[in-house]
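# Fold and contact review
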Amino acid sequence: MPRRLEAPILPDVLQAGLTLVFCGTAAGKRSAAEGAYYAHPGNLFWRALFEAGLTPRQFAPHEFPCLPDYGIGLTDLAKRHSGNDNELPRDAFDVPSLIAKIERHAPRLLAFTSKNAARAALGHAIACYGLQDETIGTTRVFVLPSPSGQARGHWSIAPWRTLATQFALERTR
């Protein structure tokens, strides 16, 4: 059963000057319980960051506050709900808040960690993974396959590697 709290389940990891911000839908049950992003052992997020070349080593979920040192931030569409996407109430996603945060912090890239997150934020179906035509303010939008163990049938590291290439290009600008 999803839960709703007044305080965010997981804190945003956002600040000015970030190159890349990852945005998921909501903290999963394990992440909410541990207070760490992508904490379920079956989630490939941390492994994908390392294997794609976005981080110099594979971080553990509890190390998420270190990511800004590498130009990376984190947020979710549902900051006050946790659980699987299909368990979240219809009003769980706070798109206006996400847009305001991205416009305020202006990272070069915003990477949605699933087509579902991108669809909810952008308001339309997503045809393919990768860099999208639209922007949020000056921030370019990228869509990735979900690293969740529940989405393993759609998993591919290739878009994550493409993101890493784009990340490297953006860091040099």
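Numbers given to residues run from 1 along each chain, matching the order in which its sequence is written. Selection of residues for local features in this predicted model requires a pLDDT of at least 70, selection of side-chain atom pairs for listing and counting requires 80 or more, and totals for whole chains, interfaces and linings are taken over all residues. Based on all heavy atoms of the structure, the side-chain values leave hydrogens and waters out of the count.

Going by what an unreviewed UniProt entry lists, the protein is known as Mismatch-specific DNA-glycosylase and is assigned to Rhodanobacter glycinis.

## A few points about the UniProt feature "domain: Uracil-DNA glycosylase-like" (unreviewed entry) in the protein
UniProt positions are given in the numbering used here, feature names are shortened, and annotations may be inferred rather than shown by experiment. Per the UniProt record, the feature "domain: Uracil-DNA glycosylase-like" (unreviewed entry) sits at residues 12–154. Numbering goes from the N terminus for both helices and strands, where a helix is a DSSP run of H or I of at least four residues and a strand is a run of E of at least two. Span residues 12–154 is 23% helix and 24% strand, its end C-alpha atoms 27 Å apart.

## Some remarks on the nonpolar core
Take the buried residues of types Ala, Val, Leu, Ile, Met, Phe, Trp, Tyr and Cys, join any two whose side-chain atoms come within 4.5 Å, and each joined set is a nonpolar core. Here's how the labels work: a residue is buried when its accessible area is under 20% of the maximum for its type, exposed when over 50%, partly exposed in between, all with a 1.4 Å probe on protein chains only. Residues L20, F22, W46, L54, L74, W160 and L163 are the most contacted members of the largest nonpolar core, which totals 31 residues. If you list the elements that add at least two residues to this core, you get strand 2 (20–27), helix 2 (45–52), strand 3 (72–82), strand 4 (109–112) and helix 5 (158–171). It is helix 2 that contributes the most residues to this core, 5 residues altogether. Look past the residues within four positions of W160 in its chain and what remains in contact with it is F22, F45, A48, L49, A52, T113, L144, P145, P147 and W155. Counting 18 residues, the second largest nonpolar core, distinct from the first, contains F112, A117, A118 and L122. Working rule for contacts: check all heavy atoms of both residues, and any pair within 4.5 Å makes them a contact.

## Remarks on the environment of R30
Here R30 shows up in helix 1 (residues 29–34). A residue is classified by how much of its surface remains accessible, and R30, at 37% relative accessible area, is partly exposed. Taking the C-alpha atoms as reference points, R30 and S82, separated by 52 residues in sequence, lie 9.2 Å from one another. In contact with R30, not counting residues within four places along its chain, are A39, H40 and P41. Engagement of the side chain of R30 in a polar contact is seen with the side chain of E34, the distance being 2.4 Å. Contacts described as polar in this section are N or O atom pairs within 3.5 Å, which, within protein, must combine one atom able to donate a hydrogen with one able to accept it, while residues neighboring in sequence count only if both atoms come from side chains.

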